Amino acid sequence: MSTDRPARTGLLVLAATPIGDAEDASARLRRLLAEADVVAAEDTRRTRALAARLGVPIGGRLVSHHEHNEGGRVTELLDVVAGGGTVLVVSDAGMPAVSDPGFRVVQAAVAADLPVTVAPGPSAVLTALALSGLPTDRFAFEGFLPRRPGERARALAALAAERRTLVLFEAPHRVPETLDAMVEAFGADRPGAVCRELTKTYEEVRRGPLAELAAWAHAGDVRGEVVLVVGGAPADGPADVGDLVPEVLSRVDGGERLKEAVAGVAEAAGVGKRELYAAALAARGR
């Protein structure tokens, strides 16, 4: 009788870490910090501090994994996974690979047919979107804008007609000039929100037209981690109700209730819900 045991299956895990309040750490993150063979951290000091606040010992080897050494770490990390070990990838805050290191090692793991999973958790993108008071049914995350004024202006010009709500990261000292550039590209009256220090003691959300937000930013010293949320471009004019019926019916076929589908499409297109509901009912009865 053979005594060979099946090889242990390794795993690459991307885990979200708190964006401010340590109490947002999941039980799964706590377990992974204690059990992973290797913890690949954007900043090892911050990860050690987080583990200390959580009262969790880091059980495996802690290595740095940041934008400057990410390419060189890939082979080392995937060798651990291929050998049956668990590698935990964490960034300083939020989800790795979203404007943080992580994409390269995931891409390489997928190419090598090695198992990858995610331990979900806090997200600055979704937190800011939910707090902004702007439409959440369709949105686009744009990360950080270019730093150079000309490149930033071109990037914003390309987004000026985007109908979805936009979510962006920005360094606090660049917020005033970025809001000025948004006023130039999107117009002074476009609604927006500046979300600062999310989940922390001094959390603050400023909402209003972009011109007002720019004036506020210039009047004071913007500090902390910042997420900018901007409303999508308005419709050119009221849409023809009949042209919107196929979208409503498609959403209904996808599982939405008719009233919910009508409400979502009508709000996005700037038409009356009653007229669109009647047109959709008529089309379904044909």
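To be clear, the structure that these remarks concern was listed above.
The structure reproduced in this document is the subject of the present report. Since this is a predicted model, take the numbers as computed values, not measurements.

Observations regarding the overall build of the protein
Here comes step 1: The number of helices and strands found in the protein is eleven helices and ten strands.
Here comes step 2: Taken along the three principal axes of its C-alpha coordinates, the protein extends 75 × 60 × 35 Å.
Here comes step 3: Across the protein, the fraction of contacts at a sequence separation of at least 24, relative to all contacts at a separation of at least 6, is 72%.
Here comes step 4: Looking at the protein as shown, the accessible area adds up to about 15,400 Å², and 50% of this sits on carbon and sulfur atoms.

Observations concerning the nonpolar core
Here comes step 1: Grouped together as the largest cluster of nonpolar side chains are 20 residues, with contacts concentrated most on L166, L179, M182, F186, L210 and V230.
Here comes step 2: Listed by contribution, the elements that provide at least two residues to this core are α6 (149-159), β7 (165-170), α7 (175-186), α8 (210-219) and β10 (226-230).
Here comes step 3: Looking at this core, the element that brings in the most residues is α7, giving five residues.
Here comes step 4: Every residue in contact with L166, bar those within four places of it in the chain, is listed here: A140, E142, L159, F186, L228, V229 and V230.
Here comes step 5: One finds A41, L54, V56 and A119 within the second-largest nonpolar core, a separate group that totals 17 residues.

A short note on the pairing of strand β1 (residues 11-15)
Here comes step 1: A large share of β1 lies buried, amounting to four of its five residues.
Here comes step 2: In this sheet, strand β4 (residues 86-90) lies alongside β1 in parallel orientation, the contact comprising four bridges. Looking across to β4, one finds that V13 is bridged to L88.
Here comes step 3: Here four bridges tie β1 to strand β5 (residues 116-119), and the two strands are oriented parallel to one another. Each residue of the ladder has a partner; that of L12, found in β5, is V116.

Examining the sheet that holds strand β6 (residues 139-144)
Here comes step 1: Here five strands make up an open sheet; going across it, the order is β6-β7-β10-β8-β9 and the pairing mixed. Each end of this open sheet is capped by a strand with a single partner; those strands are β6 and β9 (204-209). Along the sheet, successive strands turn relative to each other by an average axial angle of 15 degrees, direction set aside.
Here comes step 2: Bridging between strand β8 (residues 191-196) and β10 involves five bridges; their strand directions are antiparallel. Across the sheet, the residue bridging to G192 is V230, located in β10.

Points about helix α3 (residues 70-82)
Here comes step 1: For α3, which comprises 13 residues, the first-to-last C-alpha distance of 18 Å matches the rise-based estimate of 18 Å (1.5 Å per residue) to within 8%.
Here comes step 2: Along α3, the residues classified as buried are E70, R73, V74, L77, L78 and V81. Each buried residue of α3 sits inside an arc of 130 degrees when the element is viewed along its axis, so together they form one side. More than 90 degrees from the buried face of α3, the exposed residues found are G72, T75, D79 and A82.
Here comes step 3: On its buried side, α3 packs onto β1, β2 (38-41), β3 (61-64), β4 and α4 (103-111).
Here comes step 4: In the segment just after α3, G84 is the residue with positive phi, at about 100 degrees.

Brief notes about unusual backbone geometry
Here comes step 1: Of note, A97 is a non-glycine position whose phi angle comes to about 80 degrees, a positive value.
Here comes step 2: Its location among the elements puts A97 in the loop between β4 and α4.
Here comes step 3: Accessibility expressed as a relative area gives 33% for A97, which makes it partly exposed.
Here comes step 4: Backbone geometry places E197, a non-glycine residue, at a positive phi of 55 degrees.
Here comes step 5: Topologically, E197 is positioned in the loop between β8 and β9.

Some details on the pattern of salt bridges
Here comes step 1: With the rule as written, the count across this model stands at 13 salt bridges.
Here comes step 2: As a salt-bridge pair, E197 and K200 come within 3.4 Å of each other at their nearest N and O atoms.
Here comes step 3: Overall, E197 belongs to the buried group, its relative accessible area being 15%.
Here comes step 4: Between R251 and E256 there is a salt bridge, with the nearest N and O atoms lying 2.8 Å from each other.
Here comes step 5: For E256, a relative accessible area of 28% corresponds to the partly exposed category.
Here comes step 6: One connected set of salt bridges, linked through shared partners, spans R61, R73 and E76.

A short note on the packing of α3 against α4
Here comes step 1: The interhelical angle for the contact between α3 and α4, taken along N-to-C directions, is 40 degrees, at an axis separation of 9 Å. Considered as vectors, α3 and α4 are oriented oblique to each other. Seen from above, α3 lies across α4 with right-handed handedness. In this structure, α3 uses E70, G71, V74, L77 and L78 to contact α4, whose residues at the interface are F103, R104, V105, A108 and A109.
Here comes step 2: Residue classes in the contact of α3 with α4 are distributed as seven nonpolar, one polar and two charged.

Parameters and conventions
- Residues numbered from 1 in each chain as written.
- Predicted model: local features only at pLDDT ≥ 70, side-chain atom pairs only at ≥ 80, totals over all residues.
- Heavy atoms only, no water.
- Helix = DSSP H or I, 4+ residues; strand = E, 2+ residues; numbered from the N terminus.
- Contact = heavy atoms within 4.5 Å.
- Areas by Shrake-Rupley, 256 points an atom, 1.4 Å probe, with all protein chains shown as cover.
- Core = buried A, V, L, I, M, F, W, Y, C linked by side-chain atoms within 4.5 Å.
- Buried < 20%, exposed > 50% of the residue type's maximum accessible area, 1.4 Å probe, protein only.
- Pairing = 2+ DSSP bridges.
- Axes fitted to C-alpha atoms, helices over the stretch in contact; angles between N-to-C directions.
- Expected span 1.5 Å × (residues − 1).
- Arc of directions from axis to C-beta.
- Salt bridge = Lys/Arg side-chain N within 4 Å of Asp/Glu carboxyl O.
- Parallel < 35°, antiparallel > 145°, perpendicular 65-115°, else oblique.
- Left-handed = near helix turned anticlockwise from the far one by under 90°.
- Nonpolar A, V, L, I, M, F, W, Y, C, P; charged D, E, K, R; others polar.

Read these as geometric descriptors, not functional statements.
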